[in-house]
Amino acid sequence: MVEPRSGCPVNAAVEVLGDRWSLLVLRDVIFGDRRYFRALLTGSIEGIASNILADRLVRLVEAGILTRGTAVRGQRARYSLTEAGIRTLPIICALGDWGLDWRPGSAGPRSRQQFMREEGPAFIEELMDELRVRHLGAPPRPHDGPGPFERLEAACAAAAEREHADGTAPPT
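So, here's what we can say about the structure. (Residues numbered from 1 in each chain as written. Predicted model: local features only at pLDDT ≥ 70, side-chain atom pairs only at ≥ 80, totals over all residues. Heavy atoms only, no water.)

**A closer look at the nonpolar core**
Line of reasoning, step 1. Formed by 35 residues in total, the largest nonpolar core has its most connected members in V25, L26, F31, L81, L89 and M116.
Line of reasoning, step 2. At the level of secondary structure, the elements contributing two or more residues to this core comprise helix 2 (20-32), helix 3 (37-43), helix 4 (50-62), strand 2 (79-81), helix 6 (89-102), helix 7 (107-119), helix 8 (121-136) and helix 9 (148-166).
Line of reasoning, step 3. A total of eight residues in this core trace back to one element, the largest contributor, which is helix 2.
Line of reasoning, step 4. Every residue in contact with L89, bar those within four places of it in the chain, is listed here: I30, F31, I124, L127, M128 and L131. (Core = buried A, V, L, I, M, F, W, Y, C linked by side-chain atoms within 4.5 Å. Buried < 20%, exposed > 50% of the residue type's maximum accessible area, 1.4 Å probe, protein only. Helix = DSSP H or I, 4+ residues; strand = E, 2+ residues; numbered from the N terminus. Contact = heavy atoms within 4.5 Å.)

Printed below as a string of structure tokens:
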């Protein structure tokens, strides 16, 4: 792991997470459940280049945010979040809230962010618990009804359907 330039915790975090692509890769791993290089490359709505993606994955692994599974010949390596990676979710949500308030954007991602904002911190904790199940093999927590990612997906689908019915935007 590379030592930060100063002892400042903000600097230490920015050195790992401060570039555009690292956070977008994490967003796609978290919300898109994209865990393979090809899925991250083709699923990037911002159009990340393969060399940039490869570099960011190496950086995130070296920083202890992701782990890279070993791939035997003919198989693809699977990336998983570490606990440090899972704990980036509140940071990503805070950035998304700022973007929701201060920047324009597409209806689909905005509806996801709006739903998470309305559900509040307890929902973010539920998402992190589910990420621990998916990425760290933690035992699932019992809950009534659909899990947090299913609820998030349903809310986004409902918002897209409303927009499509209103004729304001195509479904995403």
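**Examining the layout of surface pockets**
Line of reasoning, step 1. Approximately 1300 Å³ is the volume found for the largest pocket.
Line of reasoning, step 2. Along the wall of the largest pocket there are 37 residues; nearest its centre are R27, I45, P109, R110 and R112.
Line of reasoning, step 3. Secondary-structure elements contributing two or more residues to the lining of the largest pocket are helix 2, helix 6, helix 7 and helix 9.
Line of reasoning, step 4. Its residues assigned to classes, the lining of the largest pocket shows 15 nonpolar, ten polar and twelve charged. (1 Å grid on protein atoms, 1.4 Å probe; cavity = no way out; pocket = protein on both sides within 12 Å on 5 of 7 lines; lining within 4 Å. Points joined across faces, edges and corners; volume = space filled by probe spheres on them. Nonpolar A, V, L, I, M, F, W, Y, C, P; charged D, E, K, R; others polar.)

So far we have only geometry, and geometry alone does not tell us how the molecule works.
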